[in-house]
Amino acid sequence: MARKVIYRQSGDPADVLSVAEVDAPGPPGAGQVLVRVHAFPIHIGDLLAIQGPYPSQTAYLTPGIEATGIVEAVGPDTPTASGVTTGARVSFFPHPGAWSEYVLVPAEFVVPVSDDVPDSIAAQMLANPITVIMLRRELEKHATVGYNGVFLQTAAGSNIGRLLSAIAQYHAIQHINIVRSDAGAQTLRKRYPGVPVVSTAQPTWKEEIREHIGARPVPAAVDPVGGTLAGDLLQLLSPGGTLITYGVLAEEPIPVHAGDLLGASLGLRGLTVLRWAQTVSAEQRANDLATAAQLIARGAAEAFDVAAQYDIAEIAQAVEHAVRPGKSGTVLVTIP
């Protein structure tokens with residue numbers, strides 16, 4: 001038997017999630033590995049999926065797409081040169097149903113984890129970094145990024161925001177971070193000295209951003225919030241600029257008039273890591289997974305804050321904490 005987080009209807013995750021004892025999966029097939037999960041992160045996207053439409057023909061669903069653990073068995077005809085062997089520590093992404101004690105995962109989505117990387121980092125070392133890799137690729141489509149241009153970033157205090165800021169600072173890519181509180185701005189200034197930070201809690205925040213921009217072009221803004229904040233970002237872009245949105249934290253739609261887009265030739269670009277596996281080639285996926293793992297080895301782990309850790313039996317408390325106002329870092333769940 002194996003423990004698994006399940007839900008049988010859509011709704012508030014704290015209300016509809018439970019932990020069930022189910023049959024453990026069978027032996028891995030060709031190209032698969034059986035992973036005994038030790039820890040998994042709670043992403044906002046996981047919670048949005050639980051709140052969404054529920055397939056009526058399904059007995060139950062298990063959330064999650066990312067986790068870390070130990071390889072229990074390797075299926076036949078599965079390449080092992082990458083270090084994904086029985087007994088190896090690994091992380092995987094993306095694979096539905098990751099909030100389970102045992103998961104059968106395609107070997108192509110599994111990467112080995114170094115012994116010096118704790119589970120708290122290994123559990124979140126793929127989804128967010130790959131999101132950052134995708135964002136950077138999108139930013140690099142603009143010729144001024146990395147030269148005289150400056151990009152804007154909202155939710156800069158999140159794990160994704162901190163990682164993107166760290167990478168941008170390392171490569172001398174000019175950017176301005178935007179957060180929602182003065183306290184968050186102060187924390188981010190200490191973490192990344194030299195990178196301007198603006199708090200939307202200040203009524204003059206847009207004027208502050210314009211002062212930081214000066215005469216430089218603003219070719220792009222990255223935003224996981226949406227709503228009126230995204231509309232404000234459009235007003236700050238230079239002609240030909242692009243708003244790259246990768247989340248839906250705000251409930252209201254983005255207020256934009258077609259004339260505003262036409263007048264400045266602005267673009268809107270939606271980006272989601274959930275479509276990564278379907279939209280990039282197998283070679284690109286392998287490269288992105290390897291790059292995500294290398295970011296940890298190169299010291300990027302400091303961007304992976306942990307808000308709290310819960311036992312799988314405390315799943316209701318864990319998902320409640322994951323959406324708590326003022327939370328800093330990722331909420332993790334362990335399966336002892």
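Residues numbered from 1 in each chain as written. Predicted model: local features only at pLDDT ≥ 70, side-chain atom pairs only at ≥ 80, totals over all residues. Heavy atoms only, no water.

As for the overall build of the protein chain
Phase 1 of the analysis: A tally of regular secondary structure across the protein chain gives twelve helices and 15 strands.
Phase 2 of the analysis: Against the compact-globule benchmark of 20 Å for 336 residues, the protein chain has a radius of gyration of 21 Å, which places it among compact chains.
Phase 3 of the analysis: Expressed as lengths along the three principal axes of its C-alpha atoms, the size of the protein chain is roughly 60 × 45 × 35 Å.
Phase 4 of the analysis: Residue burial in the protein chain is summarised as follows: out of 336 residues, 50% are buried. (Helix = DSSP H or I, 4+ residues; strand = E, 2+ residues; numbered from the N terminus. Rg over C-alpha atoms; globule rule 2.2 N^0.38 Å. Buried < 20%, exposed > 50% of the residue type's maximum accessible area, 1.4 Å probe, protein only.)

So, the packing of helix H7 (residues 205-213) against helix H8 (residues 227-236)
Phase 1 of the analysis: For the pair H7 and H8, interaxial distance at closest approach is 11 Å and the crossing angle is 35°. Two packed elements cross with a definite hand, and for H7 against H8 that hand is right-handed. From H7, Trp205, Lys206, Ile209, Arg210 and Ile213 reach across to H8, where they touch Leu229, Asp232, Gln235 and Leu236. (Axes fitted to C-alpha atoms, helices over the stretch in contact; angles between N-to-C directions. Left-handed = near helix turned anticlockwise from the far one by under 90°. Contact = heavy atoms within 4.5 Å.)

What about the pairing of strand S15 (residues 330-334)?
Within a regular strand, side chains alternate between the sheet's two faces.
Phase 1 of the analysis: Taken across its five residues, S15 has four buried, putting it largely inside the fold.
Phase 2 of the analysis: As paired elements, strand S3 (residues 32-42) and S15 share four bridges and run antiparallel to each other. When the bridges of S15 are listed, Ala39 appears paired with Thr334.
Phase 3 of the analysis: Here five bridges tie strand S14 (residues 306-311) to S15, and the two strands are oriented parallel to one another. Bridging across to S15, Ala308 finds its partner in Val331.
Phase 4 of the analysis: Taken together, S14, helix H12 (residues 315-322) and S15 constitute a β-α-β crossover, and its handedness is right-handed. (Pairing = 2+ DSSP bridges. Right-handed = clockwise from strand over helix to strand, strands pointing away.)

Overview of the pattern of salt bridges
Phase 1 of the analysis: Evaluation of the coordinates by the stated rule reveals twelve salt bridges.
Phase 2 of the analysis: Across the salt bridge formed by Arg36 and Glu101, the nearest N and O atoms sit 3.2 Å from each other. Placement of the pair is Arg36 in strand S3 and Glu101 in the loop between strand S5 (89-92) and strand S6 (102-106), with a sequence separation of 65 residues. The pair Arg36 / Glu101 is uniform in exposure class, with both members buried.
Phase 3 of the analysis: Salt bridges sharing partners connect three or more residues here, namely Arg3, Arg36 and Glu101. (Salt bridge = Lys/Arg side-chain N within 4 Å of Asp/Glu carboxyl O.)

Comments concerning the layout of surface pockets
The probe, sized like a water molecule, is rolled over the atoms to show the empty space still left.
Phase 1 of the analysis: In this structure, the second largest pocket occupies an estimated 400 Å³ of space.
Phase 2 of the analysis: Listing elements by their share of the lining of the second largest pocket, those giving two or more residues are helix H4 (127-139), helix H5 (159-170) and helix H11 (282-297).
Phase 3 of the analysis: By residue class, the composition of the lining of the second largest pocket is eight nonpolar, three polar and five charged. (1 Å grid on protein atoms, 1.4 Å probe; cavity = no way out; pocket = protein on both sides within 12 Å on 5 of 7 lines; lining within 4 Å. Points joined across faces, edges and corners; volume = space filled by probe spheres on them. Nonpolar A, V, L, I, M, F, W, Y, C, P; charged D, E, K, R; others polar.)

What about H7?
Phase 1 of the analysis: For H7, the set of buried residues is Trp205, Ile209 and Ile213. The buried residues of H7 occupy one face: seen down the axis, they fall within an arc of 85°. (Arc of directions from axis to C-beta.)

Quick look at the nonpolar core
Phase 1 of the analysis: Judged by nonpolar contacts, the single largest core of 81 residues is most densely connected at Phe40, Ile42, Phe92, Trp99 and Trp276.
Phase 2 of the analysis: Apart from residues no more than four positions distant in its own chain, Ile42 is found in contact with Leu47, Trp99, Ala318, Val319, Ala322, Thr330, Val331 and Val333.
Phase 3 of the analysis: Residues Ile178, Trp205, Val225 and Leu237 belong to the second largest nonpolar core, which totals 21 residues. (Core = buried A, V, L, I, M, F, W, Y, C linked by side-chain atoms within 4.5 Å.)

Some details on the sheet that holds strand S10 (residues 197-199)
Phase 1 of the analysis: In space, the six strands of this open sheet follow the order S10-S9-S8-S11-S12-S13, with parallel pairing throughout. Both edges of this open sheet fall to S10 and strand S13 (267-270), since each of them pairs with a single strand only. In this sheet, adjacent strand axes meet at a mean angle of 20° when their direction is disregarded.
Phase 2 of the analysis: Here strand S8 (residues 151-153) runs beside strand S11 (residues 220-223); their pairing, made up of two bridges, is parallel.

These results come straight from atomic positions and should not be treated as a statement about function.
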